[in-house]
Amino acid sequence: MASSDINVEKWMNLWKTGDLMFAGSFECRMDRQGRVAIPPAFRHDIEDSGDSCVLTFFDDAIAGYPRGTWLSLEKQVLALPAFSKKARALSRVLASRAHESRLDTQGRILVPPALRRMAGLERDVIVIGAMDRFEIWPRDKWNTFAGDAEALLDAASTELSFGLPRPSTTQA
């Protein structure tokens, strides 16, 4: 078995057991070289993927996928109809924006300049968990998004018929 097969198998086992999930939000700083310290809560999942993650621009932020998760996404894209114009466009955009990054000894990843420009990343960033990936947001964009989150949750739960727990509004 090739080492990449072992990493995918290890990732699939983590996913099935629920041990692979990014959750939480953390205020961080990006240094002048474009390195961002990954929160310790997220490092374990990246370390289990061979210290490697794939970064791409997605929804106004940088999305970071453990290598195994990215390989699964690639397989899904490759399974799309080869003669579909939309599928080819998706494949081109995803592949052209993808950059592999490795955790350094201090738990940082390097965000390439092109991705930093696309996302508008500067010194102050927020690193959030988004289930199967982490995201790096400019602080101001994240604050705007988070400010609108309640309306987004209401719309999503209605549209997807997904019941979200609601805080009790009755008074005793």
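A.B. asks: Could you give me a rundown of the overall build of the protein chain, with the residues and numbers involved?
C.D. replies: Within the protein chain, the secondary structure is distributed over 7 helices and 8 strands. A sequence separation of at least 24 residues applies to 62% of the contacts in the protein chain between residues at least 6 apart. For the protein chain, the accessible surface area stands at approximately 10,900 Å², while carbon and sulfur atoms represent 55% of it.

A.B. asks: Help me get a handle on unusual backbone geometry, residues and values and all.
C.D. replies: The phi torsion of most residues other than glycine is negative, and most of the peptide bonds are trans. If you check the backbone angles, Asp-51 has positive phi at about 65° while not being a glycine. For Asp-60, which is not a glycine, the phi torsion comes out positive at approximately 70°. Relative to the elements of secondary structure, Asp-60 occurs in the loop between β3 (52–58) and β4 (61–66). Using a relative accessible area of 44% as the deciding quantity, one classes Asp-60 as partly exposed.

A.B. asks: So what about helix α2 (residues 40–47)? Which residues, and what values?
C.D. replies: Residues Phe-42, Asp-45 and Ile-46 constitute the buried set of α2. The buried side chains of α2 occupy one side of the element, clustering within an arc of 100° when seen end-on. Its buried side turned inward, α2 meets β1 (25–29), β3, β4, β7 (124–129) and β8 (134–138).

A.B. asks: Outline the pairing of β8, supporting the account with residue identities and numerical values.
C.D. replies: Taking burial as the measure, the 5 residues of β8 include 5 buried ones, the bulk of the element. Burial of the side chains of β8 extends over both faces: Phe-134, Ile-136 and Pro-138 are buried on one face and Glu-135 and Trp-137 on the other. Two elements, β4 and β8, share 3 bridges in a ladder whose sense is antiparallel. Within β8, the residue paired with Gly-64 across the bridge is Phe-134. Summarising the sheet, β7 and β8 pair through 5 bridges and their orientation is antiparallel.

A.B. asks: With reference to specific residues and values, describe the sheet that holds strand β5 (residues 99–102).
C.D. replies: With antiparallel pairing, 6 strands are arranged side by side in an open sheet as β1-β7-β8-β4-β3-β5. Of all the strands in the sheet, the pair left with one neighbour each is β1 and β5. On average, adjacent strands in this sheet sit at an angle of 30° to one another, irrespective of strand direction. Where helix α6 (residues 139–147) meets the sheet, it contacts β1, β7 and β8, and its direction lies at approximately 105° from that of β8.

A.B. asks: Any chance you could break down the pattern of salt bridges for me, citing the residues and the numbers?
C.D. replies: Going through the model one piece at a time under the given rule, you end up with 9 salt bridges. Across the salt bridge formed by Arg-108 and Asp-31, the nearest N and O atoms sit 3.8 Å from each other. Within this pair, whereas Arg-108 is found in strand β6 (residues 108–110), its partner Asp-31 is found in the loop between β1 and β2 (35–37), the two being separated by 77 residues in sequence. Overall, the relative accessible area of 18% leaves Arg-108 in the buried class. The class for Asp-31 is partly exposed, based on a relative accessible area of 24%. The partner of Arg-133 in a salt bridge is Glu-135, and the shortest N-O contact between them spans 2.9 Å.

Rules of the game
Each chain has its residues counted from 1, running along the sequence as written. Local features in this predicted model are restricted to residues of pLDDT 70 or higher, and side-chain atom pairs are both shown and tallied only at a pLDDT of 80 or more, whereas totals for entire chains, interfaces and linings draw on every residue. For the side-chain quantities, the full set of heavy atoms in the structure was used; hydrogens and water were omitted. Think of it this way: any DSSP run of H or I at least four residues long counts as a helix, any run of E at least two long counts as a strand, and we number them from the N terminus. Residue contacts are defined here by distance: any two heavy atoms, one from each residue, within 4.5 Å place the two residues in contact. Accessibility throughout is a Shrake-Rupley quantity obtained with a 1.4 Å probe, and a residue counts as covered only by protein chains that appear here. Relative accessibility thresholds used throughout: buried, under 20% of the residue-type maximum; exposed, over 50%; partly exposed, between the two (1.4 Å probe, protein chains only). Directions pointing from the helix axis toward each C-beta atom define the arc. We treat two strands as partners when DSSP finds at least two bridges between them. Between N-to-C directions, angles span 0 to 180 degrees; the directions come from axes that are lines fitted to C-alpha atoms, helices contributing only their stretch in contact. One speaks of a salt bridge when a side-chain nitrogen belonging to Lys or Arg is within 4 Å of a carboxyl oxygen belonging to Asp or Glu.

Keep in mind these numbers describe shape, not what the thing actually does.
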